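Descriptive analysis of the structure
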Amino acid sequence: MYKKADLGAYIESANYIKAKNGASTDIAIILGSGLGFFADEAADKLVIPYADIPNFPRSTVSYHKGELTCGTVEGKRVLIMNGRFHYYEGYEMWE
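Since we're looking at a predicted model, the values are computed, not measured. (Residues numbered from 1 in each chain as written. Predicted model: local features only at pLDDT ≥ 70, side-chain atom pairs only at ≥ 80, totals over all residues. Heavy atoms only, no water.)

We now examine unusual backbone geometry. Even without a glycine there, the phi angle at Asn55 is positive, about 65°. Checked against the element boundaries, Asn55 lands in the loop between strand S2 (43-49) and strand S3 (67-73). One non-glycine residue, Glu74, adopts positive backbone phi at about 50°. By the secondary structure assignment, Glu74 is in the loop between S3 and strand S4 (76-82). (Helix = DSSP H or I, 4+ residues; strand = E, 2+ residues; numbered from the N terminus.)

As a further point, take the packing of aromatic side chains. Going through the model one piece at a time under the given rule, you end up with one aromatic pair. Ring plane angle 55° and centroid distance 4.9 Å describe the contact between Tyr50 and Phe56, whose orientation is recorded as tilted. Here Tyr50 falls in the buried class, since its relative accessible area comes to 1%. (Phe/Tyr/Trp six-rings, centres within 6.5 Å; stacked < 30°, edge-to-face > 60°. Buried < 20%, exposed > 50% of the residue type's maximum accessible area, 1.4 Å probe, protein only.)

So, on to the pairing of S4. The buried fraction of S4 amounts to five of the seven residues, a majority that puts the element mostly inside the structure. Here four bridges tie strand S1 (residues 27-30) to S4, and the two strands are oriented parallel to one another. Bridge pairing links Ile30 to Met81 in S4. By the bridge criterion, seven bridges tie S3 to S4 in an arrangement that is antiparallel. Within the sheet, the bridge partner assigned to Cys70 lies in S4 and is Leu79. (Pairing = 2+ DSSP bridges.)

Just distances and angles here, no functional claims.
And the structure:
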């Protein structure tokens, strides 16, 4: 059943990330399987575990790190999701 997302929860998550990151973002990237090394390549990085972000889902796949990396790649400010959320983990498609 489709469930309406709680906009306030999304805003709280975004504000937490903005406060921690302290910089604007040019690009957001969601890494796929086997691409975790890319997050390691970011310069000036700050790593935020998903568990620390209010209202943020948790990645339950063992090889997904479950962390958001804020940093710089090729002169661009990036947010890199290192770990995804899947329908087969029990999340709804809208999540």
